[in-house]
Amino acid sequence: MKALVYHGPGKKAWEDVPDPRIIDATDVIVRIDTTTICGTDLHILKGDVPAVTDGRILGHEGVGTITEIGSAVNQLAVGDRVIISCVSACGSCSYCQQRLPSHCLSPEGAEGVGWIFGHLIDGTQAEYTRVPFAENSLHKLPEGVSDEAGIMLSDILPTGFEIGVRNGRVKPGDVVAVIGAGPVGLSTIMTAGLYGASRVIAIDLDDNRLEQAKRFGATDVVNNGAADWKEQVMAMTDGLGVDTSMEAVGIPATFTAAVDIIRPGGTVANLGVHGTSVDLPLQDLWIKDIAITTGLVSATTTPMLLKLVAQGKLSPEQFVTHRFKLDDFMDAYDTFGRAAETKAMKLAISR
Ligand SMILES: NC(=O)c1ccc[n+]([C@@H]2O[C@H](COP(=O)([O-])OP(=O)(O)OC[C@H]3O[C@@H](n4cnc5c(N)ncnc54)[C@H](O)[C@@H]3O)[C@@H](O)[C@H]2O)c1
Ligand SMILES: [Zn+2]
Ligand SMILES: [Zn+2]
């Protein structure tokens, strides 16, 4: 088969590789119908994730059709259309039992790391992929849910909801600010309404992304390139700050911005993947009764989100800005890598 293979920082190729096969009785093989590229894949290609080694097939998002099942798989069948979760869950370790499979203790990939696809084992940017612990790591696609909607449930929508909205303790009436209106920030915006946020303020430096944010449910937008951006945000609250601020970029400046606009008693939810240390002005914060949360998505809310998608209450297919065939994977990376120019948000790369 063909797959997108990582060959060290800056190097990748769409090339011939051996077909995946069942190794454990709980595995299935999925034919990839649609996959996509995540910002994290670009981090990997820059060399920021050294655990990814030469020869690894990238990708942790995918929708496909089961072509083969292991002997212990009872709940899935050949021909089922499924969403592949970015986090694999053994289902029986203590973290899986606590519904935190992001820290799954199974030795598949590495003990304590639930994100293994396209990281520690071969991923979904391929014609076929092997899915370990398939019954706990796949979701059957209901009739009527498109591949383009389903693919957003592999990673970005559960990430926005679990690490942004749920960790951020959003309640009815809250004013929420989201810093960074990329796919992850927009996923928090799309799902903040589920918990009744009254106002959702998107903050970004890119006016195109802010324009997009309105389509995803932002009630207000602020370009933080403006000198008075903080005053603009404060004016949208009672002057005391937002109830929840979410950091969805992954750099020190945006974490500081999230802390700067939080009201006493509020919650700062960090989603961004950070590569350097960040200042925490505890001398100002100790008195404010705030909570700061962090996390890696567990994707345990995918079944709930999928019900909302099936009922037309959420329309994540609107993330798709560009469509490619699997054989054009190198062009797809080029388009995604130049998002500011191409205005790419999420790509649908299909067979
Ligand atoms: N915690 C998790 O489980 C998890 C899962 C997936 C992704 N992530 C992380 O979430 C973050 C966002 O992911 P994404 O795919 O949406 O990224 P992205 O790069 O597509 O989007 C980031 C957005 O931030 C904006 N931005 C950049 N610098 C800014 C600044 N100084 N002020 C305001 N806005 C700024 C950009 O214009 C862009 O719209 C990344 O760090 C990613 O690695 C975390
Ligand atoms: Zn991802
Ligand atoms: Zn586990």
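Not measured: the values here are computed from a predicted model.

Caption draft 1: Local environment of the site of ligand 1. Around ligand 1 lies a shell of 29 residues, among which Gly39, Gly180, Gly182, Val184 and Gly250 are the nearest. Counting only elements with at least two residues in the shell around ligand 1, the list comes to α1 (39-46), α5 (156-166), α6 (183-192), β9 (199-204) and α9 (252-260). No other element matches α6, which puts three residues into the shell around ligand 1. For the shell around ligand 1, the class distribution of residues is 14 nonpolar, eleven polar and four charged.

Caption draft 2: How the structure looks around α1. Among the residues of α1, those classed as buried are Thr40, Asp41, Ile44 and Leu45. Viewed along the axis of α1, the buried residues span an arc of 145 degrees, placing them on a single side of the element. Structurally, α1 contributes buried residues whose contacts are with β1 (2-6) and β2 (12-16).

Caption draft 3: Structural detail: the environment of glutamate 317. Tracing the backbone through its elements, the reader meets glutamate 317 in the loop between α11 (302-310) and β14 (320-325). Residues glutamate 317 and isoleucine 151, spaced 166 residues apart in sequence, show a C-alpha to C-alpha distance of 8.3 Å. Excluding anything up to four places from it in sequence, glutamate 317 contacts Ser146, Glu148 and Ala149.

Caption draft 4: Up close: the sheet that holds strand β12 (residues 262-270). Pairing is parallel across the open sheet formed by six strands, whose spatial order is β10-β9-β8-β11-β12-β13. What marks the edges here is a single partner per strand, and that holds for β10 (220-223) and β13 (291-293). Shown here is a sheet whose adjacent strand axes are inclined to one another by a mean of 20 degrees, direction ignored. In this structure, strand β8 (residues 175-179) lies alongside strand β11 (residues 242-247), joined through four bridges in parallel fashion. Its bridge partner lying in β11, valine 178 is registered against methionine 246.

Caption draft 5: Here's a closer look at the pairing of β10. Relative to β10, β9 is paired through four bridges, and the arrangement is parallel. Residue pairing across strands places isoleucine 201 opposite aspartate 220, the latter belonging to β10. For the segment spanning β9, helix α7 (residues 207-215) and β10, crossover handedness is right-handed.

Caption draft 6: Expanded view of the nonpolar core. In terms of nonpolar packing, the biggest core is built from 102 residues, with Val178 and Ile189 touching the most fellow members. The two domains that each donate at least three residues to this core are domain 1 (2-155 + 299-350) and domain 2 (157-293).

Caption draft 7: Structural context of the domain arrangement of the protein chain. For the protein chain, the assigned domains read domain 1 (2-155 + 299-350) and domain 2 (157-293). On the domain 2 side, the residues contacting the 18 residues of domain 1 number 14 residues. Breaking the side of domain 1 that touches domain 2 down by element, the ones donating at least two residues are α1 and α11. Classifying every residue of the side of domain 1 that touches domain 2 gives nine nonpolar, five polar and four charged.

Quick notes on the rules
Residues numbered from 1 in each chain as written. Chains lettered and ligands numbered in written order. Predicted model: local features only at pLDDT ≥ 70, side-chain atom pairs only at ≥ 80, totals over all residues. Near = placed C-beta within 6 Å. Helix = DSSP H or I, 4+ residues; strand = E, 2+ residues; numbered from the N terminus. Nonpolar A, V, L, I, M, F, W, Y, C, P; charged D, E, K, R; others polar. Buried ≥ 20, exposed ≤ 12 C-beta atoms within 10 Å, placed from the backbone. Arc of directions from axis to C-beta. Contact = placed C-beta atoms within 7 Å. Pairing = 2+ DSSP bridges. Axes fitted to C-alpha atoms, helices over the stretch in contact; angles between N-to-C directions. Right-handed = clockwise from strand over helix to strand, strands pointing away. Core = buried A, V, L, I, M, F, W, Y, C linked by C-beta atoms within 7 Å. Domains from an automatic or database assignment.

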